[in-house]
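# Survey of secondary and tertiary structure
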Amino acid sequence: MKFSLGPNLFFWPKTDVEQFYQQAKTSSADIIYLGETVCSKRRELRAKDWLGLGRELAQDTNKQIVMSTMTLLESPAEIVTLKKLCDNGDLLVEANDLSAVQIMHDLAMPFVAGPAINCYNLSTLKVLIKQGMTRWLMPVELSGDWLKTILAQAVDENIRDKFECEVFSWGYLPLAYSARCFTARSEDRAKDDCQYCCINYPQGRKMNSREGEQVFVLNGIQTMSAYQYNLINEVAQLNDMGVDILRISADSEKAFTQLDKFKTQLSTPTKHTLATDKECNGFWHQIAGMSVA
Amino acid sequence: MELLCPAGNLPALKTAIDNGADAVYIGLKDDTNARHFAGLNFNDGKLAKGADYVHERGKKLHVAINTFAHANGEERWKKAVDNAVAIGTDALIIADLGVLDYAANKYPDVERHVSVQASTTNLEAIKFFKNNFDVNRVVLPRVLSVQQVRQLAKNSPVPLEVFAFGSLCIMAEGRCYLSSYMTGESPNTVGACSPAKYVRWQETEQGLESRLNDVLIDRYQEDENAGYPTLCKGRFDVDGDVYHALEEPTSLNTLELIPELMAMGIVSVKIEGRQRSPAYVEQVAKTWRMAIDRCKQSAGDFQVDGAWMKTLANLSEGSQTTLGAYHRKWQ
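Here is what the cut-offs are and how they apply
Residues numbered from 1 in each chain as written. Chains lettered and ligands numbered in written order. Predicted model: local features only at pLDDT ≥ 70, side-chain atom pairs only at ≥ 80, totals over all residues. Helix = DSSP H or I, 4+ residues; strand = E, 2+ residues; numbered from the N terminus. Rg over C-alpha atoms; globule rule 2.2 N^0.38 Å. Contact = placed C-beta atoms within 7 Å. Buried ≥ 20, exposed ≤ 12 C-beta atoms within 10 Å, placed from the backbone. Axes fitted to C-alpha atoms, helices over the stretch in contact; angles between N-to-C directions. Parallel < 35°, antiparallel > 145°, perpendicular 65-115°, else oblique. Left-handed = near helix turned anticlockwise from the far one by under 90°. Nonpolar A, V, L, I, M, F, W, Y, C, P; charged D, E, K, R; others polar. Pairing = 2+ DSSP bridges. Expected span 1.5 Å × (residues − 1). Arc of directions from axis to C-beta. Right-handed = clockwise from strand over helix to strand, strands pointing away. Core = buried A, V, L, I, M, F, W, Y, C linked by C-beta atoms within 7 Å. pLDDT = per-residue confidence, 0-100.

Our focus in this paragraph is the overall build of chain B. Regarding its fold elements, chain B presents 11 helices and 16 strands. Since a compact globule built from 331 residues should have a radius of gyration of about 20 Å, the 20 Å found for chain B is in line with a globular shape. Overall, chain B is about 60 × 55 × 40 Å in size when its C-alpha atoms are taken along their principal axes. Pairs at least 24 apart in sequence give 63% of the contacts found in chain B among residues at least 6 apart.

Listed below in C-alpha cells is the structure:
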C-alpha cells in the first residue's frame, strides 16, 4: 500500500507553497499531487509555476508527481490553462472534471480520476477506464461497503488490474462547489471584487451553527467539512480490501505527521480515539459524514 | 424555445400541459430520480397515463433518471430506463455515465439529455458527452453567468437547456455532499437534499428553531417567516457574524432574460419544482407561457409585466427571487 499527499485545497502565498513542497520532498509520501483545484483566480502560482514545481519534485525525489486540475471550469480561459496542464509532456494528471477526461482522452494519455468525478458504480468505472483512467479516487461521500462492492465486481469482470484504487483518508473533505465565492461573501464582497481574500485564511473560514457547533469550512467557492476526515482506524480494512493508495490531504504541515502515522498504522495497528468535535469518519460507515462511528 | 415544466404527479402533469407547457418532466417512484420524496412521482400505471395525456395533446414527456446508480443496484437504474422507453418517453434525463452508456447502446433512437446533476459547465465536458453518448441536449447547472451561457451556446455541438425558475441550488448540482455530510443522505445517492425525516422544529425561548439531524439551521423571531431548513439556506456564525453564510431563502427567476436566452438559441427553459403542488405548476406555467409568447411576438420591446413578477414572487422561497449566478454580482 502506498500513501499520497493530496493537493492543497487552500490558497497560500507563493513562498509558503514553496516551503511546504520543500518539506514534502523529504516526507514519507510515495505520491505527491499538486496544483490549484478550487479557483482560477488564485494565481500566486500560475500553471507554469505549478508545472515547474512539479518537475522539480520529480527530479529531486523518487516520488510519483501528479498535476491536479480544477474542478469547476466555467470560462474558455480556464480551459486553456487546463489544456496546458494536461498536455505537460511528462507528469501524470488528475482530472477533477469531465473536461479534463475529454482532453486526456484526446491526448491519448492516462489519467487519475479525482474525487469530484461522479463515479458511483462499475459501469461508470468502465466508461472511465475506456477513456484512459488508470487510477480512481471515489467520491468522498461513499462508504467502505460501497467501495467493497465495486472492487469485488471489478475482480469478477476481470478489470481490477486496469486501475489503482485510492481513498481520501485524512483531512478536510471537499464537499461542494459553487459559482459564488463564500469567502468573499463573508467579507461582504462579490466574487469579481474578491481581492483574493482567501489568502488571509490559510485554513479557510469556519462556519458554525448559532450554537457554536462547527459545521463547514468556507474555502472560496468550495465548501469543506469542518471536521477532519480520519480513516486511521480503517487502515487495515482498506489494505485488506485491496485499496492501493491512501490520500492524506495537504491541509497544513500536519499532513506530514499524518503520513507517518498512517504508515505506522499499517505496520503496527493501534486503536485511535477520534475527537468528535474535530474529526469524523461517518462517510466511510455510511452514516452522517460529520459523525464518528 | 420550449417551456419545460415539472410534474410530481398526474394532476400536476395535466395542469402543466393545460396551462401551456410544451413538455413536462417527471420521475419514477424510487431513488432513480433527484426528487425522491414520499407521495411523489409516478408508478408504472401513472407513467403510462401521463405519457398518453401528454402525447394526445402533441406535447413531450421527459423522464428524469438523474441520480447516480448504486454499486449494488445498477439494475434498478437500467430498469428505469427500460420502463421510460416502454411508455414512449420522448427523452431520458440522465446524470450517471454508466446509465447513459446503457441508454445510448440499448436505445440509440431515444433522446438523451445530460441532467443538470452531471455538472456540465464547459465546452470540453459537453464534447465528452457528445462523443461518448451522442447526447441530444445538455442541461446547464445554475452556476454560469449569462455571458458564460452565451459563449457556450455559440460553440456547443449540442443544444442547451437552462433553468429558468424555481428553488435555487447554489452549489454546482451533482457536486454537493453537504446533505450527506449532515444526514448521510444526498441528492446523488438517495435523490433528496436535507431530507424531511431529519427535520425538527422546536419552539424555544430564543425563538422557533429548525434543525436538520440535530444541527441548528436557523432560529426565527416572531416577525420572521420560517422556511424549510434546506441546509445551505440557514443562518450561521462566521467569526461572530451571524448571517446567511451560503444563501438566503430565495428562488431563481429569469423572466427578464427571456429575449437573451431566445437570441442565444437556448432550446428549452426549465421550471424547477416536481415537489410542488399543481397550483404552483398552474401559476408558473401560465405566467411563463404568456412571457415566452409575448417575446416571440416581439422580442425587441419585450418587457417583464409587473403582475408576472408578483405571481412568481408569491410562489418563491422567502417570497423573493434572484437572477442567481446568471447575474455576476450574485456570485
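Our focus in this paragraph is the overall build of chain A. Looking only at helices and strands, chain A has 9 helices and 12 strands in total. In terms of C-alpha radius of gyration, chain A reaches 18 Å, essentially the compact-globule figure of 19 Å for 293 residues. By the burial criterion, 55% of the 293 residues in chain A qualify as buried.

Attention shifts here to the packing of helix 1 (residues 10–18) of chain B against helix 10 (residues 278–297) of chain B. All names here are of chain B. Taken N-terminus to C-terminus, the directions of helix 1 and helix 10 make an angle of 15 degrees; their axes are 8 Å apart at the nearest point. In terms of orientation, helix 1 lies roughly parallel with respect to helix 10. Crossing geometry of helix 1 relative to helix 10 is assigned as right-handed. For the pair helix 1 and helix 10, contact is made by Pro11, Ala12, Thr15 and Ala16 and by Pro278, Val281, Glu282 and Ala285, respectively. When grouped by side-chain class, the residues that make up the contact of helix 1 with helix 10 number 6 nonpolar, 1 polar and 1 charged.

For the rest of this paragraph, the subject is the sheet that holds strand 10 (residues 207–212) of chain B. Residue and element names in this part refer to chain B. Taken in spatial order, the 3 strands line up as 9-10-11 in an open sheet, and their pairing is antiparallel. Every other strand in the sheet has two partners, leaving strand 9 (199–204) and strand 11 (215–220) as the edge strands with one partner each. Averaged over neighbouring strand pairs, the angle between their axes works out to 25 degrees when direction is ignored.

A word on the environment of B:Asn253. Residues and elements named next belong to chain B. Within the secondary structure, Asn253 is located in strand 14 (residues 251–253). According to the C-beta neighbour criterion, Asn253 is buried, with 25 such atoms within 10 Å. Put simply, Asn253 and Thr311 are 58 residues apart on the chain and 11 Å apart in space, counted from C-alpha to C-alpha. When residues no more than four places from it in sequence are discounted, the contact partners of Asn253 are Phe165, Leu312, Ser316 and Thr321.

Looking now at the interface of chain A and chain B. Listed as interface residues are 54 residues of chain A and, on the opposing side, 56 residues of chain B. With 5 residues, helix 4 (residues 98–107) of chain A is the largest single contributor of residues to the side of chain A that touches chain B. Residue composition of the side of chain A that touches chain B, grouped by class: 27 nonpolar, 17 polar and 10 charged. Note that strand 7 (residues 164–178) of chain A and strand 8 (residues 171–176) of chain B share 2 bridges and pair antiparallel. Bridge pairing in strand 8 of chain B links A:Ala176 to B:Cys176.

Residues and elements named next belong to chain B. One non-glycine residue, Asn41, lies in the positive phi region at around 85 degrees. Looking at the secondary structure, you find Asn41 in the loop between strand 2 (23–27) and helix 2 (44–56). According to the C-beta neighbour criterion, Asn41 is buried, with 24 such atoms within 10 Å. Positioned with a positive phi, Ser119 is a non-glycine residue whose angle comes to about 55 degrees. The topology assignment puts Ser119 in the loop between strand 5 (111–114) and helix 5 (123–133). Accessibility expressed as a C-beta count within 10 Å gives 27 for Ser119, which makes it buried.

On to helix 2 of chain B, then. Residues and elements named next belong to chain B. Compared with an ideal rise of 1.5 Å per residue, which puts 13 residues at 18 Å, helix 2 spans 18 Å between its outermost C-alpha atoms and is within 8% of the ideal. Those residues of helix 2 that sit buried are Leu47, Gly50, Ala51 and Val54. Buried residues of helix 2, viewed axially, fall in a sector of 100 degrees; they line one side. Helix 2 presents Gly45 and Glu56 as exposed residues on the side facing more than 90 degrees away from its buried surface. Residues of helix 2 that are buried make contact with helix 1, strand 2, strand 3 (60–65) and helix 3 (74–86).

Along a regular strand, successive side chains alternate from one face of the sheet to the other. Residues and elements named next belong to chain B. With 5 of 6 residues buried, strand 3 lies mostly within the body of the structure. Bridge count between strand 2 and strand 3: 5 bridges; the pairing is parallel. When the bridges of strand 3 are listed, Gly27 appears paired with Ala64. The parallel pair strand 2 and strand 3 is bridged by helix 2, and the resulting crossover is right-handed. Here 4 bridges tie strand 3 to strand 4 (residues 91–94), and the two strands are oriented parallel to one another. Across the sheet, the residue bridging to Ile65 is Ile94, located in strand 4.

A word on the nonpolar core. Ranked by size, the top nonpolar core spans 204 residues in total, and within it A:Val93, A:Ala113, B:Cys5, B:Ala16, B:Val24 and B:Ile65 carry the most contacts. Residue contributions to this core peak at 9 residues, all from strand 7 of chain A.

Moving on to the confidence of the model for chain B. On average, chain B scores 95 in pLDDT, and the residues at 70 or more come to 100%. Interface predicted TM-score (ipTM) for the complex: 0.97; the corresponding pTM is 0.97.

Our next topic: the pairing of strand 2 (residues 31–34) of chain A. Residue and element names in this part refer to chain A. In strand 2, alternate side chains face the same way, and those of Ile31 and Tyr33 on one face and Ile32 and Leu34 on the other are all buried. Read as a crossover between parallel neighbours, the route from strand 1 (residues 2–5) over helix 1 (residues 14–25) to strand 2 is right-handed. Here 4 bridges tie strand 2 to strand 3 (residues 64–68), and the two strands are oriented parallel to one another. Bridge assignment links Ile32 to a residue of strand 3, and that residue is Ile65. In terms of handedness, the path from strand 2 via helix 2 (residues 47–60) over to strand 3 forms a crossover that is right-handed.

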